[in-house]
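# Residue-level structural notes
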Amino acid sequence: MADQTERESGRGEGEDAPLPTGIVVGVDGSDHGRCALIWAAREAQRRRSPLHVVTAYSVPIFAASGLDGGYSTIDDTVIQDGAKAVLREALDSIERFDGLDVTSSVESGDAAGVLLQFSETAELLVFGSRGRGGFVGRLLGSVSSALPAHAKCATVTVPLRFAQRLGESVDDKRVRAEEAREAPKAVEHIVAVGVDGSEQARVAVLVAAEEAMLLGVPLRVICAVPQFSGSLAWVPAPVDREQLFKDIQAQLKAGTAWLQSHFPDLEVQTSLVDGAPVDVLVDVSRGVDLLVLGTRGYGGFAGMLLGSTTDGVLHHAKGPVMVVPDHHDDRLADRPSFGPMLQT
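What comes next concerns the included structure. Every value quoted in this text rests on a predicted model; they were computed, and no experiment measured them.

### Let's talk about the pairing of strand β7 (residues 124–128)
Along β7, five of the five residues are buried, which leaves the element largely enclosed by surrounding structure. Burial along β7 is two-sided: Leu124, Val126 and Gly128 facing one way and Leu125 and Phe127 facing the other are all buried. Of the pairings in the sheet, the one linking strand β2 (residues 23–26) to β7 comprises three bridges and is parallel in character. When the bridges of β7 are listed, Ile23 appears paired with Leu124.

Okay, here's the thing in structure tokens:
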């Protein structure tokens, strides 16, 4: 059974309370939040990291309708009690995970702001791709779009479609409709990472390799090269795609040698795909354990804009997506000695 400690007051009432470490997961009482919670609990077990479960609420302010104008607020007791009930339900659902060091809190304030603050000390933030409204406001949904680009630590967005692979039963009309429109896809137990030749992509590759080692699965490094239109003035013309692919393949080979020098026991695969990066990576997300992306790139090999690609994938992914923030890694220093790199 998980070892649970609840801190019932948030920053508003406990300003001196330390920020949580380990894995932080946001919940809001929705199926999306529950799916993210189960994924986070499993990840905490694998990493042997503490797990902090948080829900946040803000008190609505209503404009007065009388001649006196001004604003009025409501008593937050009912809202706070509802938030605590959501938290208790979440904690009950992970009692079956043995050996977890679990803490929890109800926070008063904007959910995105709360999680962004927590990212300063957390090793990983986890949340669902959508959520519900009500007292928890926008804990999920818009948060899953806003946080990856601004969080200080890596984030993982877990879509509800992944619930079945977590052993959770979910009856959701949107999920059923999506699955009915798509052809079945075989599930591969691998970690995939999207690259574009940028330094930020190499940072993401290192984190993806660590995740693959943690899961005991291969790592697949994917580069998707979009088709070009003559209307794109910034594309050099003519583009020799055959030579372009040869150049990228050479860089992928060099990058693989570099990566395996740091992870000699890791099986590394490479995949160079002719197609729109967002479409390729969204399709990949349907059949892998985890897809890893960087927060931003620099145009990369052939205009695969890592930043805009990450944004697009997050909106449509069918499996967990980890977004790695830009940071320095000493292991990048020896990459040039392994062969050709993108010149920026």
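Moving on, there is more to tell.
### Quick word on the side chain of Glu168
The topology assignment puts Glu168 in the loop between β8 (154–158) and α5 (173–181). The exposure class assigned to Glu168 is buried, which follows from its relative accessible area of 11%. A distance of 2.9 Å separates the side chain of Glu168 from the side chain of Arg34, its partner in a polar contact. Leaving out residues up to four positions away in the same chain, Glu168 has contacts with Arg34, Ile38, Arg96 and Ala163.

### A few points about the nonpolar core
For soluble globular proteins, the rule of thumb is that nonpolar side chains tend to be buried together. Core analysis: the largest hydrophobic core is formed by 65 residues, its most contacted members being Leu51, Val53, Val126 and Leu219. No other element matches the nine residues that helix α6 (residues 199–215) contributes to this core. Once residues lying within four places of it in the same chain are set aside, the contact partners of Val53 are Val25, Val27, Leu37, Leu87, Ala90, Leu91, Ile94, Val102, Thr103, Ser104 and Ser105. In this structure, Ala192, Val284, Val288 and Leu293 belong to the second largest nonpolar core, which totals 16 residues.

### Let's talk about unusual backbone geometry
Trans is the common state for peptide bonds, and a negative phi is the common state for residues other than glycine. The backbone phi angle of Arg48 is positive, close to 55°, even though this residue is not glycine. In this structure, Arg48 sits in the loop between α1 (31–47) and β3 (51–57).

### Considerations on the pattern of salt bridges
Here the structure, examined in full by the defined rule, presents 14 salt bridges. Between Glu123 and Arg47 there is a salt bridge, with its nearest N and O atoms 2.8 Å apart. You can see Glu123 sitting in the loop between α3 (111–118) and β7 and its partner Arg47 sitting in helix α1, a full 76 residues away along the chain. Of the residues examined, Glu123 reaches a relative accessible area of 34% and is grouped as partly exposed. The partner of Arg331 in a salt bridge is Glu210, and the shortest N-O contact between them spans 2.9 Å. Placement of the pair is Arg331 in the segment after β13 (321–324) and Glu210 in helix α6, with a sequence separation of 121 residues. Owing to a relative accessible area of 36%, Glu210 belongs among the partly exposed residues under this scheme.

### Some words on the side chain of Arg335
For Arg335, the location among the structural elements is in the segment after β13. Although Arg335 is buried, it makes no salt bridge; Asp334 carries the closest opposite charge, 8.0 Å away. Once residues lying within four places of it in the same chain are set aside, the contact partners of Arg335 are Arg202, Gln251, Ala254, Gly255, Trp258, Pro340 and Met341.

The rules behind each value
- Residues numbered from 1 in each chain as written.
- Predicted model: local features only at pLDDT ≥ 70, side-chain atom pairs only at ≥ 80, totals over all residues.
- Heavy atoms only, no water.
- Buried < 20%, exposed > 50% of the residue type's maximum accessible area, 1.4 Å probe, protein only.
- Helix = DSSP H or I, 4+ residues; strand = E, 2+ residues; numbered from the N terminus.
- Pairing = 2+ DSSP bridges.
- Polar contact = N/O pair within 3.5 Å; in protein donor to acceptor, adjacent residues only side chain to side chain.
- Contact = heavy atoms within 4.5 Å.
- Core = buried A, V, L, I, M, F, W, Y, C linked by side-chain atoms within 4.5 Å.
- Salt bridge = Lys/Arg side-chain N within 4 Å of Asp/Glu carboxyl O.
- Lys, Arg positive; Asp, Glu negative; His and termini not counted.

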